[in-house]
Structure formats: C-alpha cells, structure tokens
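# Reading the structure
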Amino acid sequence: MIPIWKDKDVILTPDATGRVPFTIMVDGSSAYLGVAVSKGIGNCEVRVNDIVADYMYNIIPSSFTPDGGLSEAEDTAYNVALPVQVIDRNDGASKMSDVFKYDWSYDNAVSAVTKFSDPINGRIDPRMPLMWTSYVGADTTIEIVGYARTGDFLYEDYNNDYSASNVEDHLTINVAEGAHNIYLYGADVAKYQWLVRDEDGFVYKVVTPCHRYALYYVNAYGGIDFLLLEGTCKMQDNLTRYTTKKTYNNSTPSARGKAEYLNEQVRVYTLNTGLMTEAEASKMHHLLESTNVCLWDNVEGVMRPVVLTDNNVAHKTYKGEGRNLIRYTITAELARDRQRR
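Residues numbered from 1 in each chain as written. Predicted model: local features only at pLDDT ≥ 70, side-chain atom pairs only at ≥ 80, totals over all residues. Heavy atoms only, no water.

This part covers the overall build of the protein chain. Helices and strands together make up the secondary structure of the protein chain, namely four helices and 22 strands. Out of the 341 residues in the protein chain, the part that is buried amounts to 43%. Across the protein chain, the fraction of contacts at a sequence separation of at least 24, relative to all contacts at a separation of at least 6, is 71%. Of the roughly 17600 Å² that the protein chain leaves accessible, carbon and sulfur atoms contribute 46%. (Helix = DSSP H or I, 4+ residues; strand = E, 2+ residues; numbered from the N terminus. Buried < 20%, exposed > 50% of the residue type's maximum accessible area, 1.4 Å probe, protein only. Contact = heavy atoms within 4.5 Å. Areas by Shrake-Rupley, 256 points an atom, 1.4 Å probe, with all protein chains shown as cover.)

Now the structure itself:
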C-alpha cells in the first residue's frame, strides 16, 4: 500500500511517434486518460501519485455534510485506500497495479495499512458521537469494549483504572473489506466510562459533560479523529457593512446621509484546548494542518464545517513551554458566510 505523498513513477514505452496513451483506473473506474510524451530518446515516466491525489480528494465522501448531519458517517465506507492500475492503451497491458492510501503524514515509520485513526487524547463528552476510521483486509467484525461507569461524572478516575471485572458490553460492528468510519452515539457512549478499541487497544475516556465544543477532522492518515475542547471558547461575528449615500431631498429630512443595505457576517470561534502532555501535543499537526474540519456543538447537537485560519503550527514541547503542560489556541471561521439585508 503506497501513501499518496510518496512518489510513484511508472515507466511507459512510447510508440514511433514518441507518445504513449494511457489510462489510470481507480477502484475499477477510469479516473484519468492521458498521453505521455517522450522528451528525446527513451521511455516516458508518469508520476501516478500526483494524478491520483486530486482524484481521491474529490471522490472521498465527506462525513461532515452539515445538511445531512452525521447520517453519512454511519456504516459508510470512507474510500481512503483504493486499488490503482495504469494501462498502456497501445497494447492494453497493465503497467502498474497497487493500492494507494490517502495518507499525507510523510511518515515512513507508520504502517500504511493499519494506521488510519490516531486521536490526540481520546477524551469524549457523552453528548458527542464517537467516530474513528478502521481498515480491514477482509470481511470481519470490529469490536469495541465498553467498561461500566463506577460512579457519576463528578468523580473522574485519572489513572484509567478499568479492568475486566467491570466490562459492561462488547459492541460489535460487521464490516466488509476496506476502510470504514465506525460510529457510536448517544447511549452507546454515555452509559460507559471507558471504551476500548479491540483492534489496537486505544482507550476513549468518557468525561464530565460540561464542554460545549469539539473539533472533528480528517487526519494526515486519511481517517477521522476528534478533539474535545476543554479550555475556554469564545464566539463572535465579524461584520462587513455595505452602505449607500442617499440623495438629498429638501422636503424629506430622512433622505440624507447613509443607509445600510447589507452586512456580511463571518462567525469566528476562538477555541482553547485543555492541558496536554508532550505526546498528545505531538499529534496536534493532524488537526491544525487538516483541510477538512468541522465543529461539533454539544448543546445544539449540530456539526458545522469550519476553516482554521491560523497560518502556522507550533510543535510544542514540555521544555519549550517552560516545563509547563501544553495548551493550544485555535481560531476557526464558520465555512458558510451569512448575510443580512
């Protein structure tokens, strides 16, 4: 499986005209028709990943559609790993056949097959949907283990002291081969204190329901993760006002000066994370560099697409912060401008 950031060239042999027509097939469908031209004497090289990257970006269904809410996410395959084939149209022969993963991590140390979700800290408000992306090589059953709540939300166990003695349920989801968004919501989250992914042992901690916002995002591996915002959060509207100058009329005193006929509203959120360890902060680039981010509102139960406006990503460390725990401030704008006339 090839991450989309890694260069993958295929060699094509030109005909007598110095050209070779070719087709790139993605998941069995024709995605690109092109003609490679030899520069002088020799074979042609086609960089497949650059072509496939644009195609995959546009066909991957977004689970953050604001009109459909989260309905698209449930049991919906997220096509982040697709078979790609290059065919020489002169002779019909296949010149390359491989699987590409929509992975922008630039991380050679990570298994391209298994790494899809990598949550920053796994803390989740019981009003939030629990989502992650999983890839399976064959039809199988994915399991998440729910551990019973041992007290109310006011008494948090910061040692994550769960054990087999308080296993409540084994939640199972049958999935076909491929990449899938796994989705739990409502009672499937709120009744537990911990939820543990059986596939890799990652622990989600269900915390006190007192924070309003969380960010959901497509991470660098192509999967969905989220971050509960446990610091202070502010919301404001930035306005652009449009006015016109009235024509003076001596008989109508009000017909003078300016009148406002339109204002455009851009809603801006200033979001602060909770305190983080250095290990948690090392994953913040997945969120801050993402091109697909949505803001979940725990009060309204609504998912809204946003655009992050910060132009740099600080890779913070414990020592770099003066031996203090780490916190990030994130600025986001609602992706849909509003108008009032």
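Now that the structure is up, let's keep going.
Soluble, globular proteins show a tendency: their nonpolar side chains are buried together. With 29 residues, the main nonpolar core has I124, M128, L130, I144, L195, Y204 and Y216 as its most contacted residues. Counting 25 residues, the second-largest nonpolar core is a separate cluster that includes I4, A53, M56 and V80. (Core = buried A, V, L, I, M, F, W, Y, C linked by side-chain atoms within 4.5 Å.)

In terms of burial, strand β3 (residues 19-26) is largely enclosed, as seven of its eight residues are buried. Judged from the eight bridges that link them, β3 and strand β4 (residues 29-37) form a sheet pairing that is antiparallel. Residue pairing in the sheet places F22 in a bridge with G34 of β4. Taking the residues between adjacent antiparallel strands as the criterion, β3 and β4 are bridged by two residues, where D27 takes a positive phi near 55 degrees. (Pairing = 2+ DSSP bridges.)

In terms of strand pairing, strand β17 (residues 233-245) meets strand β18 (residues 258-272) through 13 bridges, oriented antiparallel. Following the sheet pairing, N238 is matched in β18 by V266. The pairing of β18 with strand β22 (residues 338-340) spans three bridges and is classified as antiparallel. Bridging across to β22, E264 finds its partner in Q339. Sheet topology note: the β18/strand β21 (residues 329-334) ladder contains five bridges and is antiparallel.

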